[in-house]
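# Chain and residue survey
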Amino acid sequence: MFQDTPPAPPAQLSEITVTAARLPPAAADAAFSVVRLDERVLERSARLDEVLRTVPAVSLFRRTSSLAANPTTQGISLRAIAPSGAGRTLVTLDGVPLNDPFGGWVIWSQVAPESLERVDIVRGAGAGPYGAGALTGTIGLTERDGGGVLDLSVGERGGARAAGSGSTMLGPVGVTLSGLYETSDGYTPVRGSAAGAADTPLDLDSRSAALRVDAPLDGLNLEGANLSQRAATWEEDRGSGLLNTRSNASGHSLSATAAKAPPVDGYGWRLQAWRIESDFANSSASVAADRSTTTPANDQYKTPATGWGLNAALRRRVSEFAGGRLEWEVGADARFNEGETNEFFNNPTGAGFARGRRAGGETSVAGGYVDGSWTGGDWLVAGGLRYDQWRNEAGFRYEYTLATGAPILDETAEDRSGEVFSARLAARRDLSSLLGAGYAWRAAAYSGFRPATLNELHRPFRVGNDITEANSALEPETLRGIETGLAYDRDGIAWGATVFWNEIEDAIVNVTIGEGPGTFPRAGFVPAGGVLRQRQNAGTIEAWGVELNGSVQATEALSLNAALSWTDAEVDGGTAAPQLTGLRPAQAPEWSATAGLDWRAMERLTLGLAARYESARFDDDLNSRSLEAAVTLDARAEWAASERVMLWAAVDNVFDEDVEVSLTGTDVAGYAPPRTLRAGLRFSY
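Cut-offs used in this document
Residues numbered from 1 in each chain as written. Predicted model: local features only at pLDDT ≥ 70, side-chain atom pairs only at ≥ 80, totals over all residues. Heavy atoms only, no water. Patch = residues over 30% accessible without salt bridge, like charges linked within 9 Å, V, L, I, M, F, W, Y side chains within 5 Å. Areas by Shrake-Rupley, 256 points an atom, 1.4 Å probe, with all protein chains shown as cover. Salt bridge = Lys/Arg side-chain N within 4 Å of Asp/Glu carboxyl O. Lys, Arg positive; Asp, Glu negative; His and termini not counted. Charge placed at Lys NZ, Arg CZ, Asp CG, Glu CD. Helix = DSSP H or I, 4+ residues; strand = E, 2+ residues; numbered from the N terminus. 1 Å grid on protein atoms, 1.4 Å probe; cavity = no way out; pocket = protein on both sides within 12 Å on 5 of 7 lines; lining within 4 Å. Points joined across faces, edges and corners; volume = space filled by probe spheres on them. Nonpolar A, V, L, I, M, F, W, Y, C, P; charged D, E, K, R; others polar. pLDDT = per-residue confidence, 0-100. Contact = heavy atoms within 4.5 Å. Pairing = 2+ DSSP bridges. Phe/Tyr/Trp six-rings, centres within 6.5 Å; stacked < 30°, edge-to-face > 60°. Buried < 20%, exposed > 50% of the residue type's maximum accessible area, 1.4 Å probe, protein only. Lys NZ or Arg CZ within 6 Å of the ring centre and 35° of its normal. Axes fitted to C-alpha atoms, helices over the stretch in contact; angles between N-to-C directions.

## Describing a negative patch on the surface
There is a patch of like negative charges on the surface, built from Glu542, Asp568, Glu570, Asp572 and Glu590. Counting residues per element, the negative patch draws most heavily on strand 32 (residues 558-572), at three residues. Tracing the backbone shows Glu570 in strand 32.

## Section: empty space enclosed by the protein
Evaluated as defined, the whole model comprises ten cavities of 30 Å³ or more. In this model, the largest cavity occupies a volume close to 410 Å³. Lining the largest cavity are 28 residues, and of these Asn99, Asp100, Arg335, Asn337 and Thr453 lie nearest its centre. Broken down by class, the residue content of the lining of the largest cavity amounts to 13 nonpolar, eleven polar and four charged. Taken as a whole, the second largest cavity encloses approximately 190 Å³ of empty space. Together, 20 residues line the second largest cavity, and Leu93, Asp94, Val96, Arg230 and Ser255 are the ones closest to its centre. Where the lining of the second largest cavity is concerned, the elements lending two or more residues are strand 5 (96-97), strand 12 (225-239) and strand 13 (246-260). Of all the elements, strand 12 adds the most residues to the lining of the second largest cavity, at five residues. A class-by-class count of the residues in the lining of the second largest cavity yields ten nonpolar, six polar and four charged.

## Observations regarding the confidence of the model for the chain
Per-residue pLDDT for the chain has a mean of 92; in total, 97% of the residues score no lower than 70. Mean pLDDT across the elements of the chain bottoms out in strand 29 (residues 524-526) (76) and peaks in strand 38 (residues 645-652) (98). A low-confidence stretch, residues 1-15 stays under pLDDT 50, and its non-local contacts, those more than four residues away or across chains, total zero contacts.

## A closer look at the pairing of strand 20 (residues 407-412)
Taken together, the five bridges between strand 19 (residues 379-401) and strand 20 define a ladder with antiparallel strand orientation. Note that in strand 20 the partner of Arg397 across the bridge is Glu411. Hairpin remark: strand 19 followed by strand 20, antiparallel, with five residues in the connecting loop; positive phi at Gly405, about 80 degrees.

## A short note on unusual backbone geometry
A cis amide bond, omega 5 degrees, links Gly516 with the succeeding residue Pro517. Along the chain, Pro517 falls in the loop between strand 27 (508-515) and strand 28 (518-520). Positive phi, normally seen in glycine, also occurs at Asn244, with a value near 65 degrees. In this structure, Asn244 sits in the loop between strand 12 and strand 13. Look at Asp491: it is not a glycine, yet its phi comes out positive at around 55 degrees. Following the sequence through the fold, Asp491 ends up in the loop between strand 25 (477-490) and strand 26 (493-505).

## Points about a nonpolar patch on the surface
A contiguous nonpolar patch, built from Trp379, Val381, Leu425, Leu434, Leu435, Trp441, Leu486, Ile493, Trp495, Val552 and Leu560 and spanning about 930 Å² of accessible area, is present on the exposed surface. Mapped by element, the contributors of at least two residues to the nonpolar patch are strand 19, helix 3 (432-435) and strand 26. As for its position among the elements, Trp441 is in strand 22 (residues 439-450).

## Quick notes on the packing of aromatic side chains
Scanning the model with the defined rule gives twelve aromatic pairs in all. Seen in terms of ring centroids, Tyr387 and Phe421 are 4.9 Å apart; in terms of plane orientation they differ by 45 degrees. Their pairing is tilted. With a gap of 34 residues between them, Tyr387 in strand 19 and Phe421 in strand 21 (residues 416-430) connect regions that are remote in the sequence. Between Tyr398 and Tyr400 the ring centres are 5.7 Å apart and the planes differ by 25 degrees, which places this aromatic pair in the stacked class. Judged by its relative accessible area of 21%, Tyr398 falls in the partly exposed class. According to the relative accessible area criterion, Tyr400 is buried, its value standing at 16%. The rings of Tyr439, Tyr488 and Trp495 are connected pair by pair, giving a single aromatic cluster. The ring centre of Tyr267 lies 4.7 Å from the NZ or CZ of Arg316, which sits over that ring. Here the basic side chain of Arg636 rests over the ring of Trp648, its NZ or CZ set 4.5 Å away from the ring centre.

## Quick notes on the pattern of salt bridges
As enumerated under the stated definition, the model contains 57 salt bridges in all. Here Arg22 and Asp94 are joined by a salt bridge, their closest N and O atoms 2.9 Å apart. Taken as a pair, Arg22 in the segment before strand 1 (33-37) and Asp94 in the loop between strand 4 (90-93) and strand 5 lie far apart in primary sequence, 72 residues in all. Here Asp203 ties to Arg246 by a salt bridge, and the two come within 2.8 Å at their closest N and O atoms. Of the two residues, Asp203 sits in the loop between strand 10 (173-184) and strand 11 (204-216) while Arg246 sits in strand 13, which places them 43 residues apart along the sequence.

## A look at the pairing of strand 13
In this sheet, strand 13 lies alongside strand 12 in antiparallel orientation, the contact comprising 15 bridges. Looking across to strand 13, one finds that Ser228 is bridged to Thr257. Hairpin connection from strand 12 to strand 13: six residues lie between these consecutive antiparallel strands, with Gly241 at a positive phi of about 90 degrees. With 14 bridges connecting them, strand 13 and strand 14 (residues 267-287) associate as antiparallel partners. Bridge pairing links His252 to Glu277 in strand 14. In textbook terms, the turn of a hairpin is the stretch between consecutive antiparallel strands, and for strand 13 and strand 14 this stretch comprises six residues, one of which, Asp265, has a positive phi near 55 degrees.

## Quick notes on the sheet that holds strand 4
Taken in spatial order, the five strands of this open sheet run 1-6-7-4-5, and their pairing is mixed. In this open sheet, the two strands that pair with only one neighbour each are strand 1 and strand 5. Bridge analysis of strand 4 against strand 5 gives two bridges, and the strand direction is antiparallel. Each bridged residue has a counterpart across the sheet, and for Leu93 the counterpart in strand 5 is Val96.

## As for the sheet that holds strand 30 (residues 531-537)
Strand order in the open sheet formed by four strands is 23-24-30-27, with mixed pairing between adjacent strands. With one partner strand each, in any of the chains shown, strand 23 (461-463) and strand 27 form the two edges of the open sheet. Each strand axis lies, on average, 25 degrees off the axis of its neighbour in the sheet, ignoring direction. Where strand 27 lies against strand 30, seven bridges are found, and the strand directions are antiparallel. Within strand 30, the position partnered with Ile508 by the bridge is Asn537.

This is the structure we're talking about:
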């Protein structure tokens, strides 16, 4: 049929996007020391902990990355106050803790940087929704909601890596799949004339995968709410740098989150449940004086652990309140952990293990909080209060003779419990009317706590000839602190300066109580060159510090950034460990700094440099083993083959610096990776 007018255009269907169930960042965050790392920073590192190291004074327990670090040293801490193998920082992925339920460390390969949209580093103890574990701060990871990326690369010493993340919509349901595989023949940490036949490479084989499904809850009369269900699995197997030593860490997790973001003058909420199951195996050995051989000293063949938790939050936004905007949140959370170590030990002749050990228990912490902020005119005022109860229960340690099964040690730890109040208060003022546009001032005071992990309470361990005993009587460590800062951000120039004071009470520290050769109660024989330590609540650690950062967008093609951290930390061992009074905490450098440059040399070519400096640090509590200062430079070149395809090449440790990461009692140093060349191909959509 002939028509005088054109037909109506077909109906246009709006694009449906379902995001992960999460509450948006709280307005109160702007009053605290928050560093945000975006996708541009994330895409330049193969491991998540290396991304975090771009912020000064953020590091694992030792001066190395998860490429080479044993899982027991992969705990992360902020501000170089007192690094710990268990970590003094809570790490979460969309609200779910990633810290291991047995040891508190984080297996960083369980999350590929490619799967993340951003990382928020909150420096300073957590109150409010953060809760237990956020002693020196919180690291919040946010997973991608859309798009996708795949990165394929190879590197020296047998390195190969494939990692990616992709999202799609299946009707009203969003599906996000991510994964990582990495392998390396590794490098040998002891070099030069000190190395012997017993020194072997730190080879690595790691893999992880995660699936998240997001669905709207409109059909349940919960308009605007989403449900996210996530399942993940991971495993990494690595050499430990010595003959007859290896470690393996594995686990899987499940979580379910329902959430609704609060509208203006409305309520939002979150309900979340999660469960983590992990296992850890680790073998250690004593080393001959000439480093020609090793003798198996311990075989921790399995450490099954389970952690699970619940949390709930109700948030309200009010657009008009006392001349400003009010946002408040009330909530509660609970975490439960149980696990045990199973191991063989005592091999005095090298003919085989003579004894076995089982040790473990249960821990829990549960609490409630109220948190809020008010924004009006030039001011933002924020505060929060928490109450928590902690418990250590069912602790035991059983040692027996392998040949007969006869018991040698059969102990039951006393159940312990307590309560902790923590709080935070902060203010931020826009100083545009006083100093000009772009200036802002803030100040904050806070407190927080970290209960001892099952690993610290119940698992003795050995590194080379050094032995560290557990302590089932450990109390939670607590922190209080204050800080103030000034910042500027305008016209491509940004800088910030923060001064802080922190004090950790009842700090959990590995305290030296004997030197080898000799035989000690419970620990047994300590060989020559080795020391015996025990985890103890060793008095207090007080730290003053200054943090500076700045960035300049010099031209459209050139940007520069730099940051500096100075921390003066000192231990007061009190009556528990007077030998530590006046000393610096182990593994805590006084100075650290980073600097970077990005230059778009051509339309398709981008060049980047990144430098990192750390002053000397001590490898032990008695400050007798000093690790030299270190500076490294990394370089990267990227070629945009098309809008969606990029080729890149990178050189880590360009000048092949020898960076000390450990030192034995006989002055044998272990080192971070030498110069390494990597190249890859990156696809995105």
